[in-house]
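Overview (structure and organization)
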Amino acid sequence: MTLPDLTMNDVLRPDWRVSPRVHALVTTRNGGVSLPPFGTWRDGVDGPGGLNLGKKSGDDLAHVEENRARVLRLTGLTGLDEAAWLSQVHGATVVNADDALAAAKRGEPPVQADASVTGKTGTLCVVMIADCMPVLLCDPQGRAVGAAHAGWRGLASGVVENTAQRVASLAGTDMSALHAYLGPCIGPEAFEVGPDVRDAFMKAVGGAQRDEVANAFADHPVNAGKYLADLPRLARLRLAQLGVTQVTGGDQCTFTRRDRFYSYRRDRETGRMAAMIWLADDNGPL
């Protein structure tokens, strides 16, 4: 069975106004070769054609490699060795994507980190997601870019702040000049959390900010003592503290859009999507 190749209709792209040197996309679950439970979901039925990019998901590794190759072909870059795949640990460590690539080319395991940055043309900063929120960052002139994997643990630990600081430093600008895109994640109507999650964010702020953070947690309508957390809202508050006001995205829910996205919390056995950002010449790929 020949499955259709990945197209631009199968991915999301940030709706930001920045230099044409900045290229970015977020994959969905569609456009690949993976089979159920890593496949597609159409009309209430599992089917082939899933774009699972996670090697540790339990999927056929040959399918994952083909899916990754399809994504790289769509970017127009030359090979899999251009993408700085990370070993994500829900932390706040940021690495230089070029260093991560160099380590991979030496045959070393993927670097443990939850974000990467680069100021080099043609290097892909990549994070994988299946409910956690990807945050893509760039300066408007296209001098540096970064990608952060921001689940609640990473967000509370400062992964967005750390990534923004590194991107701004590479670009030679203030963090307030950066643009941010919030990719698909589990939405505020589905993200049930306990008081430990709320406490982790409340302890990190003071004064008037506490009210704003508290408002990002709604009492669960059924489960007493639980909350519904608004991850994009929490990210916007963190970015606002850095002076970053050019923020788009944050309106796509992975949990509720089974036809579009993988979701670990919904399905447990599931695939992984990826958010990617890179720099190219003005007439470069995409």
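Details of the structure are given in the entry above.
What comes next concerns the included structure. Since the structure is predicted, the reported quantities are computational estimates derived from the model, not experimental observations.

Calculation criteria
- Residues numbered from 1 in each chain as written.
- Predicted model: local features only at pLDDT ≥ 70, side-chain atom pairs only at ≥ 80, totals over all residues.
- Heavy atoms only, no water.
- Helix = DSSP H or I, 4+ residues; strand = E, 2+ residues; numbered from the N terminus.
- Buried < 20%, exposed > 50% of the residue type's maximum accessible area, 1.4 Å probe, protein only.
- Contact = heavy atoms within 4.5 Å.
- Areas by Shrake-Rupley, 256 points an atom, 1.4 Å probe, with all protein chains shown as cover.
- Lys, Arg positive; Asp, Glu negative; His and termini not counted.
- Charge placed at Lys NZ, Arg CZ, Asp CG, Glu CD.
- Core = buried A, V, L, I, M, F, W, Y, C linked by side-chain atoms within 4.5 Å.
- Pairing = 2+ DSSP bridges.
- Axes fitted to C-alpha atoms, helices over the stretch in contact; angles between N-to-C directions.
- Salt bridge = Lys/Arg side-chain N within 4 Å of Asp/Glu carboxyl O.
- Expected span 1.5 Å × (residues − 1).

Some thoughts on the overall build of the protein chain
Within the protein chain, the secondary structure is distributed over eight helices and 17 strands. Looking at the protein chain as a whole, 56% of its 286 residues qualify as buried. Across the protein chain, contacts joining residues at least 24 apart in sequence account for 64% of those joining residues at least 6 apart. When the accessible surface of the protein chain is summed, it comes to about 12300 Å², and 47% of that surface belongs to carbon and sulfur atoms. Once the 30 positive and 33 negative side-chain charges of the protein chain are each reduced to a mean point, those two points are 1 Å apart.

A word on the nonpolar core
The biggest cluster of nonpolar side chains holds 44 residues, and the ones touching the most others in it are Val135, Leu155, Phe201, Phe217 and Leu239. Here the element with the most residues in this core is helix 4 (residues 159–171); it accounts for six residues. The residues touching Val135, leaving out its near neighbours within four places in the chain, are Gly146, Ala147, Ala148, Ala150, Val160, Tyr181 and Leu182. Core analysis: the next-biggest nonpolar cluster, separate from the first, contains 28 residues, Ala24, Ala84, Ala100 and Cys125 among them.

Overview of the sheet that holds strand 14 (residues 217–219)
What links the strands of a sheet is backbone hydrogen bonding, and the strands pair in either a parallel or an antiparallel sense. Taken together, the three strands give an open sheet; going across it, the order is 13-15-14, and neighbouring strands pair in antiparallel fashion. Looking at which strands have only one partner, the edges of the open sheet turn out to be strand 13 (192–193) and strand 14. Where strand 13 and strand 15 (residues 227–229) come together, two bridges link them in antiparallel fashion. Residue pairing in the sheet places Glu192 in a bridge with Leu228 of strand 15. Its contacts with the sheet put helix 5 (residues 195–202) on strand 13, strand 14 and strand 15, and the angle it makes with strand 14 is roughly 145°.

A word on the pattern of salt bridges
Close approach of charged atoms allows side chains of opposite charge to pair. A full pass over the atoms with the stated rule returns eleven salt bridges. Between Arg73 and Asp5 there is a salt bridge whose closest N-O contact spans 3.8 Å. Of the two residues, Arg73 sits in helix 1 (residues 61–75) while Asp5 sits in the segment before strand 1 (11–12), which places them 68 residues apart along the sequence. A residue is classified by how much of its surface remains accessible, and Arg73, at 46% relative accessible area, is partly exposed. Taking relative accessible area as the criterion, Asp5 reaches 40% and is therefore assigned partly exposed.

Remarks on helix 4
Compared with the 18 Å implied by 1.5 Å per residue over 13 residues, the 18 Å span of helix 4 between its first and last C-alpha is a close match. The complete set of buried residues in helix 4 reads Val159, Val160, Glu161, Thr163, Ala164, Val167, Ala168 and Ala171. Buried residues belonging to helix 4 abut strand 7 (94–96), strand 8 (115–118), strand 10 (133–138), strand 11 (145–150), helix 3 (152–157) and helix 7 (231–241). Downstream of helix 4 by one or two residues, Gly172 has phi in the positive range, about 70°.

Treat this as a map of the structure, not an account of what it does.
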